[in-house]
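Residue-level structural notes
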There are 2 protein chains.
Amino acid sequence: MMSDDKEKKRFGIKDIAKLANVSIGTVDRVLNNRKDVSGATRKKVKDIIKEYNYQPNLYARSLSVKNNIKISVIIPKTSLQTGYWQLCLDGISKGIQELEPFGIQTEVFLYDQEDVHTFLEVSEKTIKSHFNAVVIAPIFIEETEAFVKKCHRKKLQTIYINSDIPTKSTLGYIGPDLNSTGRLAGNLTSYLVGTNAKILILNIAKGLENYKYLDTKIEGYRTYLNNLNKNFRIEVVDIPYNEYTEVEKELWTSIRKSTPDVLFVTNSRVSVVGRFFHDHQEIKKPYIIGFDFLEANVDYLSKGIVDFLICQRPDKQGYFALNYLYRFFLLKENVTNFKPMPIDIITIENYMFYEN
Amino acid sequence: MMSDDKEKKRFGIKDIAKLANVSIGTVDRVLNNRKDVSGATRKKVKDIIKEYNYQPNLYARSLSVKNNIKISVIIPKTSLQTGYWQLCLDGISKGIQELEPFGIQTEVFLYDQEDVHTFLEVSEKTIKSHFNAVVIAPIFIEETEAFVKKCHRKKLQTIYINSDIPTKSTLGYIGPDLNSTGRLAGNLTSYLVGTNAKILILNIAKGLENYKYLDTKIEGYRTYLNNLNKNFRIEVVDIPYNEYTEVEKELWTSIRKSTPDVLFVTNSRVSVVGRFFHDHQEIKKPYIIGFDFLEANVDYLSKGIVDFLICQRPDKQGYFALNYLYRFFLLKENVTNFKPMPIDIITIENYMFYEN
DNA sequence: TATTTTCTCGTTAACGTTACCGAACACTAT
DNA sequence: ATAGTGTTCGGTAACGTTAACGAGAAAATA
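The rules behind these values
Residues numbered from 1 in each chain as written. Chains lettered and ligands numbered in written order. Predicted model: local features only at pLDDT ≥ 70, side-chain atom pairs only at ≥ 80, totals over all residues. Heavy atoms only, no water. Helix = DSSP H or I, 4+ residues; strand = E, 2+ residues; numbered from the N terminus. Rg over C-alpha atoms; globule rule 2.2 N^0.38 Å. Buried < 20%, exposed > 50% of the residue type's maximum accessible area, 1.4 Å probe, protein only. Areas by Shrake-Rupley, 256 points an atom, 1.4 Å probe, with all protein chains shown as cover. Near = heavy atom within 4 Å. Polar contact = N/O pair within 3.5 Å; in protein donor to acceptor, adjacent residues only side chain to side chain. Nonpolar A, V, L, I, M, F, W, Y, C, P; charged D, E, K, R; others polar. Pairing = 2+ DSSP bridges. Axes fitted to C-alpha atoms, helices over the stretch in contact; angles between N-to-C directions. Contact = heavy atoms within 4.5 Å. Buried area = accessible area lost by both parts, 1.4 Å probe. Salt bridge = Lys/Arg side-chain N within 4 Å of Asp/Glu carboxyl O. Least-squares fit on C-alpha atoms with pLDDT ≥ 70 in both. Phe/Tyr/Trp six-rings, centres within 6.5 Å; stacked < 30°, edge-to-face > 60°. Lys NZ or Arg CZ within 6 Å of the ring centre and 35° of its normal.

Brief notes about the overall build of chain A
- On a plain count of helices and strands, chain A comes out with 13 helices and eleven strands.
- Here the C-alpha atoms of chain A give a radius of gyration of 26 Å, more than 25% beyond the 21 Å that 2.2 N^0.38 yields for 356 residues.
- Counting only C-alpha atoms, chain A reaches 85 × 55 × 35 Å along its principal axes.
- The buried share among the 356 residues of chain A stands at 51%.
- Surface accessibility of chain A: about 17,300 Å² in total, with carbon and sulfur atoms responsible for 50%.

Below is the structure:
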């Protein structure tokens, strides 16, 4: 009583029971909205819970409960050209590790973003097994939409990451707002050059027809710049290749032709443009803006060839998705609406502190 | 056996005990490096732990252990001029909330950053009570150094947030690298203006003599720009006031005199400069760069008056500090070295997605 | 009235870990 | 021989919560 350390006991289910003159079993029934409690006692218990602002001990809860939740994660596999999906997978792995002690089982399915059949295959597997939820990074729009509809019929929760598509998932979307992403690139561009500047937009990727979302970025970029009324001369060039030698040829002709002041690469392939100007130092380098914190991109950023990388924390997306499912299934929170992911600006002077 | 759901039981302390033919008590003694275990059984148990890659269930552990850890947090109190410390406090509160179910008790002490006596007072209180660790946001350098030395004599763990000072704390520093922060501002400046540009650096704060760390930012800024050899004309002006009317007068004279192309405000007071140009639209607005994601600053960012805000997530700093102590005391990890906090660039086009 | 059903609620094992208590044994000092 | 002192280990309560089990009373059915 006169001791220094105040025995700050947690206010728990037992204390509620004592105050309400009931057993902990009854309190538990009230807390979990189960039946077998009379209206009067239910109210009494609820009042005490509210009055003392009872907060359940989530660690105790997850210890007690035996989970049987299975989650499927469907994302593109990492290719040489895009380490992007590796980052995403890293975040997912971190999330899986944290969820494991709660008894949540997770299975990751990778598909080839250049081969729709691989996607159909893994989605079929997911449907056939007994999953409770599925995290999807959509590439093939129609096929994904058909898939989520099947999921909903089977009472399988769905959640998108990385890019959104028209058919809504049950748990929403975690990722950047693509239009704003484009606008931000436009915003940066407007600081770099003045009236009449020549701007070249580059779409670089094999199978460009599958990358509709790139158009959303471009639209944001163009509308932002056009609204400034600075008579920018904007051109779009598609380079539907992955191999450097093929891309180089295309770059050579289009850059020679238009001698742009700013180069805007609409996806994570900006490193090949970096390499181009690194190999051809005789050409005056324009300002270069691109996407994603990949090793190759950061390399050319650190060399001073790429000026800005716009990044969207792919690892956080994967991690958040799993964290969200954890909260949905175990904590029974229902956070239905997400804020879009932050859009980060990385330059030669802050890249070394990015991500932790 | 032929059922679909694979009963993926966790591999726990009991399983180790069974395999080693000992009791769980013995396994626990080995795991926690306590005595009363013979060399032979200790080795046997350790081998099994390694072989099966046993990972303890941290939630069960924290349920079982009765903690008696008390943490003191010493930060400046929020003033009207800087909502900055409120953000920091928000992160700390979030951390406290998460730590509470583990039985960690936290007490926050606020001091007046314009009155050294208030700092001495709260530091004295911390020394007198029985804390295990103290989180400090240093402002008064000498006094803080004397304080941490006292702490170390009393075996009290220390950790700095927000700015580092020469006398090392036992658990390191969580915050941005100030020199790099200045360099980043220089980097952005270099994209905005060309040769011979006029640049005005503004230090705005009452009691400027207490803000030595601002010089570190300025040094980073200057060296970056000077290395470009673009003959920038850089000037520094101190405005040792907090009240807008006083600051306005000073701004009026110095801006009239030098008509700068870029204004670099070295701390979070950039909103008063924003207000100045909002009130005096007759003056041509230079590019404006400032710090910190405060409501007032973001307001002028959204109006297009402030161009760049450089931010360092004060809330994350506070949160991280507590999270770190949790890991140090409860999980017994010893992460000794921190990566510096990320430095974020915020413009009119990405501020709405910042922080989550 | 006797039997069954329904509604409430208390009791208890379990989740994985920690830490205390004391048993069993070997050794030393009387 | 007895008493005392270590050393090594097993057993078990406890942490806060969940959920299965079953007891007792009231209500419905026969």
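Some remarks on the protein's contact with DNA strand C
- Close to DNA strand C lie 28 residues; Thr26(A), Asp36(A), Asp28(B), Tyr54(B) and Ser64(B) are nearest.
- For DNA strand C, the backbone portion of the atoms within 4 Å of the protein, that is sugar and phosphate, comes to 62%.
- A distance of 2.7 Å separates a phosphate oxygen of DNA strand C from a polar atom in the side chain of Thr41(A).
- In this structure, Asn57(B) approaches DNA strand C through a main-chain N or O atom, which is 3.1 Å from a phosphate oxygen.
- Mapped onto the surface near DNA strand C, the elements with two or more residues apiece are helix H2 (24-31) and helix H4 (58-64) of chain A together with helix H1 (13-20), helix H2 (24-31) and helix H4 (58-64) of chain B.
- The element that contributes the greatest number of residues to the surface near DNA strand C is H2(A), accounting for four residues.
- Among the residues forming the surface near DNA strand C, the class breakdown is ten nonpolar, eleven polar and seven charged.

Observations regarding the sheet that holds strand E7 (residues 233-239) of chain A
Residues and elements named next belong to chain A.
- With mixed pairing, the six strands of this open sheet are ordered in space as E7-E6-E8-E9-E10-E11. The open sheet has two edge strands with one neighbour each: E7 and strand E11 (344-346). The mean inter-strand angle of the sheet, taken between neighbouring strand axes irrespective of direction, is 20°.
- Note that strand E9 (residues 287-291) and strand E10 (residues 308-311) share three bridges and pair parallel. Residue pairing across strands places Gly290 opposite Leu309, the latter belonging to E10.
- Sheet contacts for helix H12 (residues 295-302): E9, E10 and E11; angle to E10, the most-contacted strand, approximately 150°.

What to know about the interface of chain A and chain B
- At the interface, 45 residues of chain A touch 46 residues of chain B.
- Summed over both sides, the interface of chain A with chain B buries roughly 4,100 Å², with 56% coming from carbon and sulfur.
- Of all residues in chain A, the largest losses of buried area upon contact with chain B belong to Tyr59(A), Tyr191(A) and Phe353(A), amounting jointly to 20% of the total for that side.
- At the boundary of chain A and chain B, one finds two salt bridges.
- In this structure, Arg183(A) and Glu349(B) form a salt bridge, with 3.0 Å as the shortest nitrogen-oxygen distance.
- Here chain A and chain B share eight residue pairs in polar contact (both at pLDDT 80 or more) between them.
- Taken together, the elements giving at least two residues each to the side of chain A that touches chain B come down to H4, helix H8 (178-192) and E11 of chain A.
- Considering each element in turn, the side of chain A that touches chain B owes the most residues, seven residues, to H8(A).

As for the protein's contact with DNA strand D
- The environment of DNA strand D is formed by 27 residues, the closest being Ile13(A), Asp28(A), Tyr54(A), Thr26(B) and Ser38(B).
- The sugar and phosphate moieties of DNA strand D supply 63% of its atoms located within 4 Å of the protein.
- Within the side chain of Ser64(A), an N or O atom sits 2.6 Å from a sugar or linking oxygen of DNA strand D.
- Elements that contribute at least two residues to the surface near DNA strand D include exactly helix H1 (13-20), H2 and H4 of chain A together with H2 and H4 of chain B.
- By residue number, the principal contributor to the surface near DNA strand D is H2(B), which donates four residues.
- For the surface near DNA strand D, the per-class residue count stands at ten nonpolar, eleven polar and six charged.

What about the relation of the copies chain A and chain B?
- When chain A is fitted to chain B, the best match, at an RMSD of 0.2 Å, comes from turning it 180° and sliding it 0.2 Å along the axis. Within this description, the copies of the chain are treated as partners about a two-fold rotation axis. For chain A, the minimum C-alpha distance to the rotation axis belongs to Tyr59(A) and amounts to 2.5 Å.
- A high fraction, 100%, of the interface residues of chain A reappear at the interface in chain B, so the copies pair face to face through one surface.

What to know about the packing of aromatic side chains
- Counted by the stated rule, this structure contains 31 aromatic pairs over all chains.
- Ring plane angle 45° and centroid distance 6.0 Å describe the contact between Tyr111(A) and Phe140(A), whose orientation is recorded as tilted. Linking Tyr111(A) in strand E2 (residues 105-111) with Phe140(A) in the loop between strand E3 (133-136) and helix H7 (141-153), this pair joins segments that are 29 residues apart in sequence. Grouping residues by exposure puts Tyr111(A) and Phe140(A) together as buried.
- Measuring from ring centre to ring centre gives 5.2 Å for Phe328(B) and Phe329(B), while their planes differ by 90°; the resulting arrangement is edge-to-face.
- Overall, the relative accessible area of 21% leaves Phe329(B) in the partly exposed class.
- Three or more aromatic residues link up through ring pairs in this structure, and these residues are Tyr111(A), Phe119(A), Phe140(A) and Phe147(A).
- When the ring centre of Tyr319(A) is taken as reference, the NZ or CZ atom of Lys94(A) above it lies at 4.5 Å.
- Positioned above the aromatic ring of Tyr300(A), the side-chain terminus of Lys303(A) is 5.4 Å from the ring centre.

Spatial relationships are all this shows, so hold off on functional conclusions.
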